[in-house]
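Chain residues, written in single-letter form:
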Amino acid sequence: MEVLQYSLRRLVAGIPLLLGVTFISFLLMVYFGPDQTYQLLGKNPTAEQIAEIRAELGYDQPFLVRYADYLREVATLDFGNSNSTGELVTDLLARTIPVSLMLILPGFLLGNLLALLLALLAAHYRSRWPDKGIMAFSVVGMSISYLIVIIAFQVIFSSSSGLGWFPVRGWNVHSLAEYLEYVTVPTLATVFVALGYNTRFYRSVIVEELNRDHVRTARAFGVPPAKLLYRNVLKNCLIPIITRVVFTIPLIVISGALLVETYFGIPGVGKVTFDAITTGDQPVLKAVVGLTAVLFVLAQLVVDVLYRAVDPRVSLS
Amino acid sequence: MSVAATRRQSLWSKAAWKLRRDRFGMLGLAVVLAYFVAAVGVWLGLWATGWGDVAGGKWDSVSSEHWFGTNLIGQDIFQRSIYSISTAFEIGLIVAVLSTLLGAVLGAMAGFFSGRATDEFVVWLMGVLDSIPFYLLVAAIAFALEGNPWSMHVAMISTFWITTARLVRGEVIKLKGLEFVEAAHAIGVPEYTIIFRHILPNTFHILLVQSTITFVAAIKSEVILSFLGLGVKDGMSWGLMISESTFEVLAGFFNNFLAASVLMFGLVMAFSIFSDALQDALDPRQVS
């Protein structure tokens, strides 16, 4: 009951954020975005045809009316049809979001779990060679651009001049074997890049906790290192870890896969959104941006409720 | 009492001493300075002037004439990659300086007026900009500005100031409760003078570290944005070289890709190590 009440209050508090995100993106992407009138018209259009198309696209309405329409669309999840393909936007998203999720989730999970393990190891051997090795690796990983990693991994694992084990590009998934074939190289690239940043972040969180008095006391009482790291350190570090993980989720659902999708030619939601921006496909844009904002508000709520779950001292009022 | 202890010691003199003893940090700084000299040479027109000339055949291999070979249309890859150093510094410096300034001003105002309307607005703005995926925002700004060569800079600045502002806001909230601020209030110093003359200079260590982090982030973002067609419009950059190379690597020609990646890796890595060393040296909790 308390959680429900709190959730409702948080959702209401999220409204200004929703309004802000939708307003700024509406202003940038729709109001100042590309004009589609002449792409949809044939050659030598008459003035009436131009006016008709502009009315259809809503260009002739005043700004506030168009923005209000947009808000109504977000609220009812009715975004109409894509201007480019004519497909219903909700269908388009239902088709592309699962692809992006399947593509990015393995890398996201592995990237975080491995990083946590490495960070625990580094923190445990603080200032000794395993720590220095892991941190050197993480600085190197952070210094290589994501794009370079993707290109290099594609050349090494997929191309004919490399090992040639996996398909170079595309997404033709009908079975688990095919899925593994297409997802492996993007996942390796994602994990490689994520490891550097995540390990560093997690290590600093863990080291901070290790310096606390209660850890020293536990150590003095002879708690074995593995148990100490798990029970006394890791559990107390959960709040920053949860924050980082949960707030990344809205981004990976919508845009995290953009680079991988563009490079490997995978029809996910990142690619669709990017194409929508470059062509001015407003119904798609409105849907994606609106949904991202909603996801962020939900993420904030989830984070707060999880804080409460992992730390009884946090109150929900 | 030793001589060192009697000398006047500030945060800065201690930090400088600590930084000088950090071997990796100083090595990083030396590498960054070497890159900077290369960039200054390009600006002065001393070298890499022929980066756009067609001087050889398609995909010439490494030779004494073309140190890194040539690209698809016969341009010298070595000159192009050196020229790109100056592009990287231009982007890094502009974005780092402006987004740090913006972050400092907005963060300080929000922190000083915390709990009031100014603060609420800045915090709201930070939350909103954080909730729009970065690449979508950049693409949107690029199209809203209709191919303006500065659209990439504008987009980066409009997102990179947020982290700086958050940190400055937190620090200012801490500082504004201290006695020297109370004293300034008591003798009637105007509010904005207190913010910008008395409080903000005390956050300078945060700004310095943040600007080095932003510099690195800007260089890395440029590569990805240029690949997506949203980055550098005229001139040459590592991002453009890498996006050129995406067709070449599958054909087995790696010079373009390697030249840009290795040079970029060197600068980013050296700068990150220097930035870490700076952060360690300036961390007040560690200065003893």
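The residue numbers shown here count from 1 along each chain, following its written sequence. Each chain takes a letter, starting from A, and each ligand takes a number, starting from 1, following the order in which they are written. Only residues with pLDDT of at least 70 get local features here, since the model is predicted, and only at 80 or more are side-chain atom pairs given and counted; chain-wide, interface and lining totals rely on the full set of residues.

Colleague: Could you give an account of the overall build of chain B, with specific residues and numbers?
Modeller: Where helices and strands are cited, they refer to DSSP runs of H or I of at least four residues and of E of at least two residues respectively, numbered from the N terminus. The helix and strand inventory of chain B stands at 12 helices and 0 strands. Shown N-terminal to C-terminal, the secondary structure of chain B runs as helices and strands in the order α-α-α-α-α-α-α-α-α-α-α-α. Seen along its three principal axes, the alpha-carbon backbone of chain B occupies a region of about 75 × 55 × 30 Å. Our exposure labels follow a C-beta count within 10 Å of each residue's own C-beta, placed from the backbone: buried means 20 or more other C-beta atoms, exposed means 12 or fewer, and partly exposed covers the counts in between. For chain B, buried positions account for 46% of its 288 residues. By the convention adopted here, residues make contact when the C-beta atoms placed from their backbones lie within 7 Å. Partitioning the intrachain contacts of chain B with sequence separation of at least 6 by distance along the chain shows that 67% fall at a separation of at least 24.

Colleague: Please give an account of the interface of chain A and chain B that cites residues and values.
Modeller: Taken residue by residue, the interface counts 39 residues in chain A and 31 residues in chain B. Within the side of chain A that touches chain B, the residues separate by chemical class into 27 nonpolar, 12 polar and no charged. When residues are sorted by character, Ala, Val, Leu, Ile, Met, Phe, Trp, Tyr, Cys and Pro go into the nonpolar class, Asp, Glu, Lys and Arg into the charged class, and all the rest, Gly among them, into the polar class.

Colleague: An account of the packing of helix α4 (residues 77–112) of chain B against helix α12 (residues 255–282) of chain B is requested, with residue identities and associated values reported.
Modeller: Residue and element names in this part refer to chain B. α12 packs onto α4 with a crossing angle of 35° between their chain directions and a minimal axis gap of 10 Å. For the crossing formed where α4 meets α12, the hand is right-handed. Seen from α4, the contacting residues are Ile 77, Phe 78, Ser 81, Ser 84, Ile 85 and Ala 88; seen from α12, they are Asn 255, Asn 256, Ala 259, Ala 260, Leu 263 and Leu 267. Across the contact of α4 with α12, the residue classes tally to 8 nonpolar, 4 polar and no charged. The convention used is that axes are lines fitted to C-alpha atoms, helices contributing only their stretch in contact, and that angles between N-to-C directions extend from 0 to 180 degrees. Two helices crossing with the near one rotated counterclockwise from the far one by less than a right angle form a left-handed crossing, whereas a clockwise rotation gives a right-handed crossing.

Colleague: Give a description of the nonpolar core that names residues and reports values.
Modeller: All names here are of chain B. Linking buried Ala, Val, Leu, Ile, Met, Phe, Trp, Tyr and Cys residues through C-beta atoms within 7 Å yields a set, and such a set is a nonpolar core. Val 138, Ala 139 and Leu 267 are the most contacted members of the largest nonpolar core, which has 152 residues in total. Element by element, the count of residues in this core is highest for α4, at 16 residues. Residues within four places of Val 138 in sequence aside, it is in contact with Met 152, Ala 155, Leu 225 and Leu 230.

Colleague: Provide a residue-level description of the confidence of the model for chain B, including the pertinent values.
Modeller: Looking at chain B, the pLDDT average stands at 85 and 93% of residues meet or exceed 70. Across the whole predicted complex the pTM is 0.85, and at the interface the ipTM reaches 0.79. Confidence scores labelled pLDDT are given residue by residue by the predictor and lie between 0 and 100.

Colleague: Before we move on, can you summarise unusual backbone geometry with the specific residues and values?
Modeller: Residues and elements named next belong to chain A. Notably, Ser 127 is not glycine yet its phi reads approximately 65°, a positive angle. Here Ser 127 lies in the loop between α6 (89–124) and α7 (129–143). With 8 C-beta atoms packed within 10 Å, Ser 127 lands in the exposed category.

Colleague: Go over the confidence of the model for chain A with me, naming the residues and quoting the values.
Modeller: Averaged over every residue, the pLDDT of chain A is 82; residues scoring 70 or more account for 95%. Considering each helix and strand of chain A separately, the mean pLDDT is smallest for helix α3 (residues 37–40) of chain A, with a value of 68, and largest for helix α10 (residues 213–220) of chain A, with 89.

Colleague: How would you summarise the environment of Phe 192 of chain A if you had to cite specific residues and measurements?
Modeller: All names here are of chain A. Structurally, Phe 192 is set in helix α9 (residues 176–210). It is 6.8 Å that separates the C-alpha atoms of Phe 192 and Gly 141, two residues lying 51 residues apart in sequence. If sequence neighbours within four positions are ignored, Phe 192 has contacts with Gly 141 and Val 149.

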